[in-house]
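Here is how the chains run, residue by residue.
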Amino acid sequence: MSATEYLRVSKLHAFYGESHILHGMDFTVRRGECVSLLGRNGAGRTTTLRALMGLTGKRTGSIVINGREAIDMAPHKIAQLGVGYCPEERGIYSSLTTEENLLLPPRVGSGGMSVEELYEMFPNLAERRHSQGTRLSGGEQQMLALARILRTGARLLLLDEISEGLAPVIVQKLGEIIRELKTRDYTIVLVEQNFRFAAPLADRMFVVEHGQIAAEIAQSELAGRMDYLQELLGV
Amino acid sequence: MNEIFGIPLPALLGQLMLGLVNGSFYALLSLGLAVIFGMLHIINFAHGALYMMGAMFSWLAMVYLGIGYWRSLLLVPLFVGAIGIVIERFLLQWIYKLDPLYGLLLTFGVALIIGGGFRYVFGSSGQPYSIPPELGGAVDLGFMFLPKYRMWVIVASLTICFATWFMIEKTRLGAYLRAGTENPGLTQAFGINVPVMVMLTYAFGTALAAFAGVLAAPTTQVSPLMSSNMIITVFAVVVIGGMGSIMGSIITGLGLGVIEGLTKVFYAQASSTVVFIVMVIVLMVRPAGLFGKEK
Ligand SMILES: Nc1ncnc2c1ncn2[C@@H]1O[C@H](COP(=O)(O)OP(=O)(O)OP(=O)(O)O)[C@@H](O)[C@H]1O
Ligand SMILES: [Mg+2]
């Protein structure tokens, strides 16, 4: 294992009940790197993140996070390795206020952002801290879902479709935030449908098809592989 | 002149008081059921048996160990809570993924085993448990006598009920509980040990039932059969209030106790059925219960 490798997924199979969804995912992410998982609807990208968090049914293969094997760990143990998960449906709790949502995830590492810092980064959340979490707009809920895992000191962020369904200004703001996180040396897995959003941010892109990695494209190869991506993703 | 609708005021207030006492028990028990249902999605049919154990263990502790009322009030809920942990670890945890009906059947079975076991060992005759001396007697309010122990039951139950409500709705631990209730998977993925939280929630619900049992011991004959009437009414209360709402179960429990008490004054024949009449009416108007959320 190279010293800079932060996440290594090998021969990962995952099931929902009887359905076999992931068929041997293989990829690695280096410390401080931002990779994107691209693919068609139903390719298995959400399932990959959920399998990393231990939220699918049966899993086999290997998931090494910061040197620790996590394939048999319970979800809370995986989180405690320093992983922050932002689910596709955002997962804002309606029975919690905005601030309670923000403060919910316990610390899983040192050096998380302070609440003040986060309110500065997301002023809307400060304004609406006492509102019920699900009363926020879609964009605000996305900000909240992101902000609450930045507080915990997680160093590996698993972000599922954070740009989905949001207005262009908000998508742009999210892009700035990801850039900011990259300068702070976070390791990020960005699951995206929105190629235009992901392409400038990702150091490498993995194309997922039928629960496997079909291709790996580095940022530098991007121009040459546009035709391939276009055909694959319809972008 | 001390009459309302031809009912002497002291009689009315006396029944109101009794209604509040019963309502306090309904509130404590239905609160425990609501807390358990919220987190485990199990309708805990063992609740009456746990309540009965609370009273039986206080009686046993008194007779065999010389442990008095006040210490029982603390120790018995802890002990029964520990039994709750055993029930959760050995039985309930295996059926969370199944239809809630299995939970109902399993806890019903547990209730039968506990009830049968206690009847086998102790028979079904009632045992007296005396009111602690500090709470004996009554206060003369001029227009009526107020038994101190009844006052204490109301105050103690409501204190515990509102403390529970505050803990769940207003504290950080409560935020974990609410989050775990709403989305257990994601909550666990944030690093919170949800399985342990579920276990402790069940233990807490059982401890609440046992607390009600200890409180009830001096008000009734302590016996393995003491929960049978109570628990049927409590389930009606839960149906009326709607499963899962904390404040709803407290208010409904108290309210129905009062309605029951007042019915005794105005039309005593209906006093044992009024709760079920209310239940039928509520079910026709709001099938999810007064405080329940429609699916
Ligand atoms: N809970 C589940 N039970 C059974 N099958 C599921 C479940 N969730 C997803 N699947 C199936 O797994 C496959 C992969 O789904 P996944 O959500 O991982 O796709 P995705 O790549 O995230 O696509 P998108 O988010 O665009 O729909 C799909 O065929 C889907 O139908
Ligand atoms: Mg998805």
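Definitions and cut-offs
- Residues numbered from 1 in each chain as written.
- Chains lettered and ligands numbered in written order.
- Predicted model: local features only at pLDDT ≥ 70, side-chain atom pairs only at ≥ 80, totals over all residues.
- Heavy atoms only, no water.
- Helix = DSSP H or I, 4+ residues; strand = E, 2+ residues; numbered from the N terminus.
- Rg over C-alpha atoms; globule rule 2.2 N^0.38 Å.
- Buried < 20%, exposed > 50% of the residue type's maximum accessible area, 1.4 Å probe, protein only.
- Contact = heavy atoms within 4.5 Å.
- Areas by Shrake-Rupley, 256 points an atom, 1.4 Å probe, with all protein chains shown as cover.
- Lys, Arg positive; Asp, Glu negative; His and termini not counted.
- Charge placed at Lys NZ, Arg CZ, Asp CG, Glu CD.
- Axes fitted to C-alpha atoms, helices over the stretch in contact; angles between N-to-C directions.
- Parallel < 35°, antiparallel > 145°, perpendicular 65-115°, else oblique.
- Left-handed = near helix turned anticlockwise from the far one by under 90°.
- Nonpolar A, V, L, I, M, F, W, Y, C, P; charged D, E, K, R; others polar.
- Donors = N, O, S within 2.8 Å, 3.2 Å for Na, K, Ca; no water.
- Core = buried A, V, L, I, M, F, W, Y, C linked by side-chain atoms within 4.5 Å.
- Near = heavy atom within 4 Å.
- Polar contact = N/O pair within 3.5 Å; in protein donor to acceptor, adjacent residues only side chain to side chain.
- Phe/Tyr/Trp six-rings, centres within 6.5 Å; stacked < 30°, edge-to-face > 60°.
- Lys NZ or Arg CZ within 6 Å of the ring centre and 35° of its normal.
- Buried area = accessible area lost by both parts, 1.4 Å probe.
- Salt bridge = Lys/Arg side-chain N within 4 Å of Asp/Glu carboxyl O.

S.K.: Go over the overall build of chain B, please, and point to the residues and values.
M.R.: A count of helical and extended segments in chain B gives 11 helices and four strands. What you see for chain B is a C-alpha radius of gyration of 19 Å, in line with the 19 Å of a compact globule of 295 residues. With the C-alpha coordinates of chain B rotated into their principal frame, the extents come out at 65 × 50 × 35 Å. Here chain B holds 295 residues, and the buried ones make up 50% of them. Partitioning the intrachain contacts of chain B with sequence separation of at least 6 by distance along the chain shows that 76% fall at a separation of at least 24. Element-wise, carbon and sulfur atoms account for 72% of the exposed surface of chain B, whose accessible area totals about 13500 Å². Taken together, the 13 basic and 9 acidic charged side chains of chain B have centroids lying 7 Å from each other.

S.K.: An account of the overall build of chain A is needed here, citing residue identities and associated values.
M.R.: In terms of helices and strands, chain A carries nine helices and 10 strands. Compactness check: chain A gives a C-alpha radius of gyration of 17 Å against a globular reference of 18 Å for 235 residues, within 12% of the reference. If you line up chain A on its principal axes, its C-alpha atoms span 45 × 40 × 35 Å. Relative to its 235 residues, chain A shows a buried fraction of 57%. Charge separation in chain A, taken as the distance between the mean sites of 26 positive and 28 negative side-chain charges, equals 3 Å.

S.K.: A description of the packing of helix α2 (residues 47–65) of chain B against helix α9 (residues 227–241) of chain B should follow, citing residues and the corresponding values.
M.R.: Residues and elements named next belong to chain B. Between α2 and α9, the least distance of the axes is 9 Å, while the angle of their chain directions is 135°. What the angle tells us is that α2 and α9 run oblique. The way α2 lies across α9 gives a crossing that is right-handed. From α2, H47, G48, A49, Y51 and M52 reach across to α9, where they touch S227, M230 and I231. When grouped by side-chain class, the residues that make up the contact of α2 with α9 number five nonpolar, three polar and no charged.

S.K.: Just give me the short version of the coordination of the magnesium ion (ligand 2), but keep the residues and values in it.
M.R.: Protein coordination at the magnesium ion (ligand 2): the donors are T46(A) (OG1) and E88(A) (OE), at 1.9 to 2.6 Å from the metal. Of the two residues, T46(A) is situated in helix α1 (residues 45–52) and E88(A) in the loop between β6 (83–86) and α3 (98–103); the sequence distance between them amounts to 42 residues.

S.K.: Before we move on, could you go through the nonpolar core and cite the residues and values that matter?
M.R.: The biggest cluster of nonpolar side chains holds 156 residues, and the ones touching the most others in it are L7(A), L159(A) and L215(B). The leading source of residues in this core is helix α1 (residues 9–40) of chain B, at 13 residues. Grouped together as the second largest cluster of nonpolar side chains are 13 residues, F195(A), A199(A), V207(A) and I217(A) included.

S.K.: Got a sec to walk through the site of ligand 1? Specific residues and values, please.
M.R.: Residue and element names in this part refer to chain A. Neighbouring ligand 1 are 13 residues; N41, G42, R45, T46 and T47 lie closest to it. At 3.2 Å, a backbone N or O of A43 approaches an oxygen atom of ligand 1. In the model, an oxygen atom of ligand 1 is placed 2.5 Å from a nitrogen or oxygen of the T47 side chain. Coverage of ligand 1 by the protein chains reaches 60% of its 630 Å² of free accessible surface.

S.K.: Break down the side chain of E100(A) for me, citing the residues and quoting the values.
M.R.: Within the secondary structure layout, E100(A) lies in helix α3. Residue classification places E100(A) among the buried positions, given a relative accessible area of 19%. One polar contact links E100(A) to R178(B), side chain to side chain, over a distance of 2.9 Å.

S.K.: Please set out the environment of P218(B) residue by residue, giving values where relevant.
M.R.: Residue and element names in this part refer to chain B. Here P218 is to be found in the loop between α8 (194–216) and α9. Overall, the relative accessible area of 12% leaves P218 in the buried class. The spacing of P218 and R119 is 99 residues in sequence and 20 Å in space, taken between C-alpha atoms. Not counting the four nearest positions on each side in its chain, P218 is found in contact with Y69, Y129, S130, I131 and Y149.

S.K.: Residues and numbers for the packing of aromatic side chains, please.
M.R.: On inspection of all chains with the given rule, the structure shows 11 aromatic pairs over all chains. A centroid spacing of 5.1 Å and a plane angle of 80° characterise the contact between F57(B) and F79(B), whose relative ring orientation is edge-to-face. One end of the pair, F57(B), is in helix α2; the other, F79(B), is in helix α3 (residues 69–90), with 22 residues separating them in the sequence. Each ring, one from W70(B) and one from W152(B), has its centre 5.3 Å from the other, and the planes form 65°; the classification is edge-to-face. One end of the pair, W70(B), is in helix α3; the other, W152(B), is in helix α5 (residues 148–170), with 82 residues separating them in the sequence. Positioned above the aromatic ring of F15(A) is the side chain of K58(A), whose terminal nitrogen or guanidinium carbon lies 4.8 Å from the ring centre.

S.K.: Give a description of the interface of chain B and chain A that names residues and reports values.
M.R.: Accessible area lost upon the coming together of the parts serves often as the stated size of an interface. Facing the 17 residues of chain B at the interface are 24 residues of chain A. When the two sides are added together, the surface that chain B and chain A hide from each other amounts to roughly 1700 Å², 59% of it contributed by carbon and sulfur. Inspection of the region where chain B meets chain A yields one salt bridge. Of the charged contacts, one joins R178(B) and E100(A) as a salt bridge, the two residues approaching to 2.9 Å between their closest N and O atoms.

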